[in-house]
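So the chains spell out like this:
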Amino acid sequence: MSMDRWLACADERWRDDVETVARSMEPASSCAFVNEADSFREKVKTEGASYLGAIVGRRDAGVTDVNLAAAVVEDGGTPHVVLVRRGASGSLRSRALRAGIDLVVDPEGLQVVDSGERKDMDGGPSTSSPESTALRANATDSSDDEANRAPIITFCSGRGGVGKTTLVSAAAAVVAGWGMSVGVVDLDLSCGNLFSGFGLARGCDLARLAATGPDSVDDMASIGVRACEGVTLWGPCDLPEMAEVAMPLVAQLVRCVAGLVDLVLVDTSTTFTDAVAQAAQLSDRLALVSDGGRGSSAALARMGGLSVRLGVERTRIVRIENRVNPRAKLDLSSNRAEVGLEAARIFRASEGGDEVSDYLASGEVTELVEIGSDFTDSVGTLLAQILSELGRLPECQEAERALARGAQRRRIGLFRGKREVV
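Here's what I pulled together on the structure shown here. (Residues numbered from 1 in each chain as written. Predicted model: local features only at pLDDT ≥ 70, side-chain atom pairs only at ≥ 80, totals over all residues. Heavy atoms only, no water.)

### Section: the overall build of the chain
Thought 1: Counting its regular elements, the chain contains 18 helices and 13 strands.
Thought 2: Looking at the chain residue by residue over its 422 residues, the buried ones come to 53%.
Thought 3: When the accessible area of the chain is evaluated, it comes to approximately 18,100 Å², of which 47% is carbon and sulfur surface. (Helix = DSSP H or I, 4+ residues; strand = E, 2+ residues; numbered from the N terminus. Buried < 20%, exposed > 50% of the residue type's maximum accessible area, 1.4 Å probe, protein only. Areas by Shrake-Rupley, 256 points an atom, 1.4 Å probe, with all protein chains shown as cover.)

### Some remarks on the pattern of salt bridges
Thought 1: Counting across every chain of the model gives 18 salt bridges.
Thought 2: A salt bridge links R58 to D65; the shortest N-O distance between them is 3.9 Å. Judged on exposure class, the residue R58 and its partner D65 are both buried.
Thought 3: For R323, the salt bridge is made with D291, and the minimal N-O distance between the two is 3.4 Å. With R323 in strand β12 (residues 317-324) and D291 in the loop between β11 (285-290) and α13 (296-309), the pair connects residues that are 32 residues apart, well separated along the chain.
Thought 4: Linked through salt bridges whose partners overlap, the residues forming this network are R58, D65 and R85. (Salt bridge = Lys/Arg side-chain N within 4 Å of Asp/Glu carboxyl O.)

### Regarding the sheet that holds strand β4 (residues 81-84)
Thought 1: Pairing in this open sheet of 5 strands is parallel, and the strands run β2-β1-β3-β4-β5 from one edge to the other. Either end of the sheet is taken by a strand with one partner, and the two such strands are β2 (30-33) and β5 (103-105). The mean angle between the axes of side-by-side strands here comes to 30 degrees, regardless of whether they run parallel or antiparallel.
Thought 2: In this structure, strand β1 (residues 5-9) lies alongside strand β3 (residues 54-56), joined through 3 bridges in parallel fashion. Across the sheet, residue C9 finds its bridge partner in β3, namely V56.
Thought 3: Sitting on the sheet, helix α1 (residues 15-25) is in contact with β1, β2, β3, β4 and β5, with an inclination near 140 degrees to β2.
Thought 4: On top of the sheet, helix α2 (residues 37-47) reaches β1 and β3; it is set at about 150 degrees to β1, its chief contact. (Pairing = 2+ DSSP bridges. Axes fitted to C-alpha atoms, helices over the stretch in contact; angles between N-to-C directions. Contact = heavy atoms within 4.5 Å.)

### Section: the environment of A176
Thought 1: Structurally, A176 can be placed in helix α7 (residues 164-177).
Thought 2: In this structure, the C-alpha to C-alpha distance between A176 and D262, residues 86 residues apart in sequence, is 9.6 Å.
Thought 3: Setting aside its immediate chain neighbours within four residues, A176 contacts V182, E229, G230 and V231.

### What to know about the sheet that holds strand β10 (residues 263-267)
Thought 1: Reading across the sheet, the 8 strands line up as β8-β9-β7-β10-β6-β11-β12-β13 and stay open at both edges, with mixed pairing between neighbours. If you trace the sheet from one side to the other, it starts and ends with β8 (225-228) and β13 (345-350), each paired once. In this sheet, adjacent strand axes meet at a mean angle of 25 degrees when their direction is disregarded.
Thought 2: The sheet contact formed by strand β7 (residues 182-186) and β10 spans 5 bridges and is parallel. Opposite V184, over in β10, you have L265 as the bridge partner.

Written out as structure tokens, the structure is:
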């Protein structure tokens with residue numbers, strides 16, 4: 001058995017990525033692919049020492065790539081385990097590090113050396129390891145891209161009926177009124193209806209991306225649907241059965257949208273699917289929404305714990321209590337007890353009543369925001385505080401007034417002996 005080969009597992013359409021990464025680390029190497037995850041793990045355990053190492057690429061079905069790579073590490077039998085993922089986020093890299101995966105490589109932008117002599121990025125002979133060569137190639141300009149992209153706020157709940165879609169619709173209309181361009185992504189891929197709040201008959205069918213492959217994500221600007229002035233909508237899928245086809249492209253989609261607009265708001269399904277997990281890992285703020293109803297505490301606990309296991313830093317998690325009486329006392333007990341919620345700031349969205357439901361049902365969320373209400377004011381206040389924390393609050397009077405409302409309510413809360421953020 002030649003020692004210049006890698007043992008690899010990836011779906012057919014992602015194999016070029018794996019081979020690109022393999023050659024970037026060892027120019028003369030090749031890959032021996034194994035199709036099934038179980039067979040791959042068994043071969044690594046029995047023959048892994050005869051290869052340069054194991055490489056895991058994207059898999060569109062079954063066990064995910066990061067979980068498979070982590071399982072290979074746990075099994076042992078190979079000196080190196082490499083994960084190949086386009087658009088790999090910082091949280092994914094942190095998760096991989098904790099799992100013992102040696103290297104996470106984004107194949108986009110890699111400079112592959114085809115000759116037998118590996119060279120550094122400056123063209124001179126390399127004295128570094130294959131791993132460090134790939135890391136340097138992978139790191140070019142990535143920090144600049146992250147710094148320049150729009151903030152991403154993802155709304156999750158763990159149970160239905162808490163008002164996520166209403167919050168996202170209203171939030172998009174509020175921020176658009178502040179002069180920001182907003183990208184709204186509906187990741188309830190099977191049954192999402194975010195488009196209806198804007199009076200649209202349908203959204204943007206994300207299954208169209210899968211029909212032409214991942215490169216089509218580069219054309220997202222032409223695929224998005226104009227929801228209202230300043231707001232563009234992507235998602236869900238026209239046919240529920242196509243959700244599985246669109247899921248592998250979600251991370252690329254969200255990243256692309258973040259490069260087109262000033263703010264990305266992501267609505268999600270009740271179930272924490274792989275699509276939702278990808279968005280959560282990319283988010284600057286993961287907002288866990290509850291409404292105080294039966295099962296809210298249990299859902300918050302599940303979401304908080306799962307978010308941490310996915311690698312979302314606790315400082316990026318916030319809570320939104322929806323449909324609250326603004327004069328009611330704030331319950332902090334779940335924050336003290338649940339994993340992931342220990343440091344989570346709490347924001348409150350006021351009960352909107354039948355007025356909010358009527359406007360949303362009529363597709364008039366922009367009109368709802370224009371007339372104003374306790375609900376829309378509270379949505380603006382929480383958004384202003386989050387954007388201020390992220391250094392992205394727009395310079396306009398409406399946004400500054402919303403931020404001032406939050407500061408005033410915090411001062412009132414302190415005098416009353418409460419730790420609350422409205």
